[in-house]
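Chain by chain, the residues:
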Amino acid sequence: MNTACKMLVSVAALSLLGACATADTASFKPKRTIVQDSDYVAAVEDAASHAPVRVRVIWVNPPEDRLE
């Protein structure tokens, strides 16, 4: 009977440890959304339009802003 009790405690402990090991903590983090930083784009294009020489802005990689 003593051996059966030890075996039951061991199985219970392993089950609890296994459950903790498989918890996915990444799913608890909030998802971030990446959007174009429209304020910065507008500021640069406004500055380019008021420049003393003709400046043309071409965005190859527009700036991004992360929303949480």
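Nothing here was measured: the structure is a model prediction, and the numbers come from that model. (Residues numbered from 1 in each chain as written. Predicted model: local features only at pLDDT ≥ 70, side-chain atom pairs only at ≥ 80, totals over all residues. Heavy atoms only, no water.)

**Topic: the overall build of the protein chain**
Next, step 1: Each helix and strand in the protein chain was counted, giving two helices and two strands.
Next, step 2: Secondary structure of the protein chain in N-to-C order comes out as α-β-α-β.
Next, step 3: Counting every position in the protein chain, which comprises 68 residues, the buried fraction comes to 4%.
Next, step 4: By element, 60% of the accessible surface of the protein chain is carried by carbon and sulfur atoms, the whole surface being about 6,400 Å². (Helix = DSSP H or I, 4+ residues; strand = E, 2+ residues; numbered from the N terminus. Buried < 20%, exposed > 50% of the residue type's maximum accessible area, 1.4 Å probe, protein only. Areas by Shrake-Rupley, 256 points an atom, 1.4 Å probe, with all protein chains shown as cover.)

**Details of the confidence of the model for the protein chain**
Low pLDDT marks regions whose predicted coordinates should not be analysed in detail.
Next, step 1: Of the residues in the protein chain, 59% have a pLDDT of 70 or more, and the chain-wide mean is 79.
Next, step 2: Per-element mean pLDDT across the protein chain ranges from 64 in helix 1 (residues 2–21) up to 94 in helix 2 (residues 38–49). (pLDDT = per-residue confidence, 0-100.)

**Quick notes on the packing of aromatic side chains**
Next, step 1: Counted by the stated rule, this structure contains one aromatic pair.
Next, step 2: Ring centres of Y40 and W59 lie 6.2 Å apart, and the angle between their planes is 65°; on these two criteria the pair is classed as edge-to-face. Taken together, the residues span a long stretch of sequence, with Y40 in helix 2 and W59 in the loop between helix 2 and strand 2 (64–67) at a distance of 19 residues.
Next, step 3: Here W59 falls in the partly exposed class, since its relative accessible area comes to 28%. (Phe/Tyr/Trp six-rings, centres within 6.5 Å; stacked < 30°, edge-to-face > 60°.)

**Quick word on the environment of E45**
Next, step 1: Inspection of the secondary structure puts E45 in helix 2.
Next, step 2: A relative accessible area of 39% places E45 in the partly exposed class.

**Let's talk about a nonpolar patch on the surface**
Next, step 1: Nonpolar side chains collect at one region of the surface, where V53, V55 and V57 lie side by side and expose about 230 Å² of accessible area between them.
Next, step 2: Residue class for V53 comes out exposed when judged on its relative accessible area of 56%. (Patch = residues over 30% accessible without salt bridge, like charges linked within 9 Å, V, L, I, M, F, W, Y side chains within 5 Å. Salt bridge = Lys/Arg side-chain N within 4 Å of Asp/Glu carboxyl O.)

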